[in-house]
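What the coordinates show
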Amino acid sequence: MTADRRSQRLSDVPSAIIALDGDAISERGLREVRDLEAVSPNLAIRAAYGNAGNPIITIRGVGLADFNENNSSSAGVYVDDIYLVSPVMLTFGLFDTERVELLKGPQGTLYGRNTTSGAINFISRQPTAQFQANARLSYDNFDRFNAEIGAGGPLSDTLGIRVAALTDVGGDYIDNRFIGKRTGGRDLFAGRFMLKWEPSADFNALFNVHTGSDRSDIGHYQHVGLLDPVTFAPCAPLLTKGVPDSTCVDILGYADTVGDTQAGEYNKTGKVDYDSWGTSLVLKYDFGGFNLTSISGYEKFDGTRPDDADASANQLLEIDYAFGIDQFSQELRLSGETGPVDWILGGYFGTDTITSRNVYDVLRDLRPSTGFDPINGVNRAANPYRQKTDTYAIFGHTVWSLTDQLKFEAGLRYSYERRTFRTVTLFEESPADLASISLGPDGVFLDESRSLRNENILWSANLNYKTDGGTLLYAKIGNGFKSGGFNGGIPLTAAEVVPYRPEKLTSYEAGVKGSMLNRAVRFDLNAFYYDYRDMQVFAVVDSGGAAVQILTNAANSRIYGAEASVTAQLAPTFEVSTSVGLLNARYRDANIAGRDASGQRLATSPKLSVTTGFDFNQPLGSVNLLLSGNAKYQSSEIMDVYDFGSGPAFPIIQKPYWLVDGRMGIGSSDERIELTVFVKNLFDLRPLNGALGLPTYGLGEYSYQQQRQIGVALFGKF
């Protein structure tokens, strides 16, 4: 792995890291970013937009549940060394992947952008000196067909090529009773082209161009009412049990009484319309013991997405999202050895522009009786905004070999960021209706521009020792920083355009890695403590009868926990592994939109999470019998909070659950071809994948785990 910008064995990295190679990704059927949640404890990847949009990544309790496109994730996500500025850019599938690396804890002294929770690196397969090809085809009981293929090899002695593609179609799994058919299917394509030029042993250049399009059905939510059908106050089940039931309604009196987590009455349907393309150039030059690396990248992503936000047959709240993202980044790194010191010096520049125009149609069903009535929330409003960010950083990292076994690592980073933001809110109504409230024909009632500068110095220190037996012990301390910014939700007043400040995290961690019984048993243990300050918190609250998105520095928190993983090769053909994560993540001094949340657990931070699995590969004559299983357990977690403003607040809680996947089949003795039957979500459980409370409209939006999937997969490599 290369997470520390050096080629190392995983057991030699003095940090908490998980790595998964491309074969394991294909064999386990990990097709999307969200699927990676199954590979590690203390990792949560939740869904926004009804399982069809921005993945929300939380590592060790550190994350941000903001679904707007202009806010970066607390976890840095890199695809082939290029940092992606928005979570929506992660919607395309995994394909032709060499490996995935998950780093836990704040990052910055080795990477282009600074983050508080960690980093996820996706590394694609590159051109090779000999012809090589990989392919995987799968089909399941929801008629979802997924195919990925990658192939490449030499064009000459100095030039290599690799081409890869992915298609993912079908899979309707949501029963839309309003239109009388199933929806939720995929319609996605992605492709990648790479050229690698290596004219000498001292220099190589890797050119990458990639594209993708997504026309999948929009995701849908499960409607959950919150109000009493007579008084329209919070309903009795919510008040007495903290959990609404099918007797509770929204403000239009609607309730979904069927109770099927993957069904509903959705009057607004449609497809996302996402297009992306990007290119990068990585240059590496070795000039006599010093290595210079240049990484240049450009990414463009445009999309529209309709959203049936009320999850019902009514026109209570419907939203149309439209956005565009342009980003360019340039990173330079110089590395080398000076006596006992390995060092890296680097510089980073990034610029990105995000434009958006979101349209909110509220209480359309009341129009026949009320007409345009902005005082009572009956309106159609649009919110175009533009955000531009320029980031500059210099960083360095050193590894001092104090002895053959004892090393001291230190890192330092300076970051400067400037962000400008302009947001406009307007009514899309007739000229007569606009004139009735003294607005011009453009309907604009708010037009605000703001700017923000962030500066920070990050540092890290790590002391590690490797015993004669090869066991690695380490202790590290460092800090993390996530820039301030602006709320991408629709503002109703100028006060809501006030920027939020950077959040800061100081991390303390110690761990041990090693093996026993001639490496038949490998283990990795760590414990950590985070002092998390000026935490950025996102919430949707009721404010005077309006649903207001809050994104502000509302809290400090304290997070501590431990992780342990053990992998045992019980026989040449049989391997088992188990990882356990313990986590205590709670707010301190927290005031969220006027509500004291001190002592409350952080969202998507279960106290206990476990991943476990086994692989059995038994030769039977000319073929191999293949059998494997993987499971993840997590204890209860808070998904969101119903915040009624001046009234009560109730947490949305997911109870403990297990999710189990498995596969069985046969493979060729040379391990080049495999034919398997797989099952995902073996016991057909439906835990929450995402939840958002909208008390203003008397409802909650819930997204659940998909039903059990059974299918067949063919895997080959040549």
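Right, let's walk through the structure included here.

Cut-offs and rules
- Residues numbered from 1 in each chain as written.
- Predicted model: local features only at pLDDT ≥ 70, side-chain atom pairs only at ≥ 80, totals over all residues.
- Heavy atoms only, no water.
- Helix = DSSP H or I, 4+ residues; strand = E, 2+ residues; numbered from the N terminus.
- Rg over C-alpha atoms; globule rule 2.2 N^0.38 Å.
- Contact = heavy atoms within 4.5 Å.
- Areas by Shrake-Rupley, 256 points an atom, 1.4 Å probe, with all protein chains shown as cover.
- Lys, Arg positive; Asp, Glu negative; His and termini not counted.
- Charge placed at Lys NZ, Arg CZ, Asp CG, Glu CD.
- Phe/Tyr/Trp six-rings, centres within 6.5 Å; stacked < 30°, edge-to-face > 60°.
- Buried < 20%, exposed > 50% of the residue type's maximum accessible area, 1.4 Å probe, protein only.
- Lys NZ or Arg CZ within 6 Å of the ring centre and 35° of its normal.
- Polar contact = N/O pair within 3.5 Å; in protein donor to acceptor, adjacent residues only side chain to side chain.
- Core = buried A, V, L, I, M, F, W, Y, C linked by side-chain atoms within 4.5 Å.
- Salt bridge = Lys/Arg side-chain N within 4 Å of Asp/Glu carboxyl O.

Observations concerning the overall build of the protein
Counting its secondary structure elements, the protein contains four helices and 39 strands. Whereas a compact globule of 718 residues would reach a radius of gyration of roughly 27 Å, the protein reaches 26 Å, a difference of no more than 12%. Across its three principal axes, the protein shows a C-alpha extent of roughly 75 × 60 × 50 Å. Within the protein, counting contacts between residues at least 6 apart in sequence, those at least 24 apart form 66% of the total. Only carbon and sulfur atoms are counted for the fraction: they give 58% of the accessible area of the protein, which is about 28,100 Å². For the protein, the distance from the average position of its 65 positive side-chain charges to the average position of its 84 negative side-chain charges is 4 Å.

Structural notes on the packing of aromatic side chains
In total, this model carries 24 aromatic pairs according to the counting rule given. Ring centres 5.1 Å apart and planes at 45° place the aromatic pair Phe349 and Tyr392 in the tilted group. Residue Phe349 is found in strand β20 (residues 341-362), and its partner Tyr392 is found in strand β21 (residues 379-401); the two are separated by 43 residues along the sequence. Accessibility expressed as a relative area gives 26% for Phe349, which makes it partly exposed. Taken together through their ring pairs, the aromatic side chains of Trp197, Phe203, Tyr285, Phe287, Phe290 and Trp343 make up a single cluster. The ring of Phe528 carries the charged tip of Arg60 above its face, separated from the ring centre by 4.0 Å.

Focus on the environment of Asp670
Here Asp670 shows up in the loop between β35 (657-668) and β36 (673-680). Note on Asp670: relative accessible area 46%, which makes it partly exposed. A sequence separation of 51 residues divides Asp670 from Pro619, and the C-alpha atoms of the two residues are 10 Å apart. Within the local environment of Asp670, its side chain forms a polar contact with the side chain of Ser668, the two groups lying 2.5 Å apart. Separated by 3.1 Å, the side chain of Asp670 and the backbone nitrogen of Arg672 make a polar contact.

Section: the nonpolar core
If you look at the biggest cluster of nonpolar residues, it comprises 48 residues, and the most contacted ones within it are Ile57, Phe122, Phe301 and Ile325. Leaving out residues up to four positions away in the same chain, Phe301 has contacts with Val88, Met89, Thr91, Phe92, Tyr274, Asp275, Ser276, Phe323, Gly324 and Ile325. Counting residues in each nonpolar core, the second largest holds 27 residues, with Leu316, Leu363, Val378 and Leu434 among its members.

So, the pattern of salt bridges
This model, assessed by the stated rule, comprises 44 salt bridges. Between Asp168 and Arg144 there is a salt bridge whose closest N-O contact spans 2.6 Å. Within this pair, whereas Asp168 is found in strand β10 (residues 159-170), its partner Arg144 is found in the loop between β8 (132-140) and β9 (145-154), the two being separated by 24 residues in sequence. In this pair, the class of Asp168 matches that of Arg144, namely buried. Arg595 is paired through a salt bridge with Asp643; the nearest N and O atoms lie 3.3 Å apart. Of this pair, Arg595 sits in strand β30 (residues 595-596) while Asp643 sits in strand β33 (residues 637-643); the two residues are 48 residues apart in sequence, bridging distant segments of the chain. The same class applies to Arg595 as to Asp643, namely buried. Among the charged side chains, a salt-bridge network with shared partners connects Asp23, Asp96, Arg125, Arg162 and Lys717.

Regarding unusual backbone geometry
Trans is the prevailing form of peptide bonds, just as negative phi is the prevailing case for residues other than glycine. The backbone of Phe232 shows a phi angle near 60°, a positive value even though the residue is not glycine. With respect to the helices and strands, Phe232 occurs in the loop between β15 (222-225) and α2 (236-241). What makes Phe232 partly exposed here is its relative accessible area of 38%. Phi is positive for Ala311, which is not a glycine, with a value near 55°. If you trace the backbone, Ala311 turns up in the loop between β18 (290-307) and β19 (317-338).

Side note on the side chain of Gln705
Relative to the assigned elements, Gln705 resides in the loop between β38 (699-704) and β39 (709-717). Other than its neighbours up to four places away in sequence, Gln705 contacts Gln262, Leu659, Asn681, Leu685, Arg686, Pro687 and Asn689.

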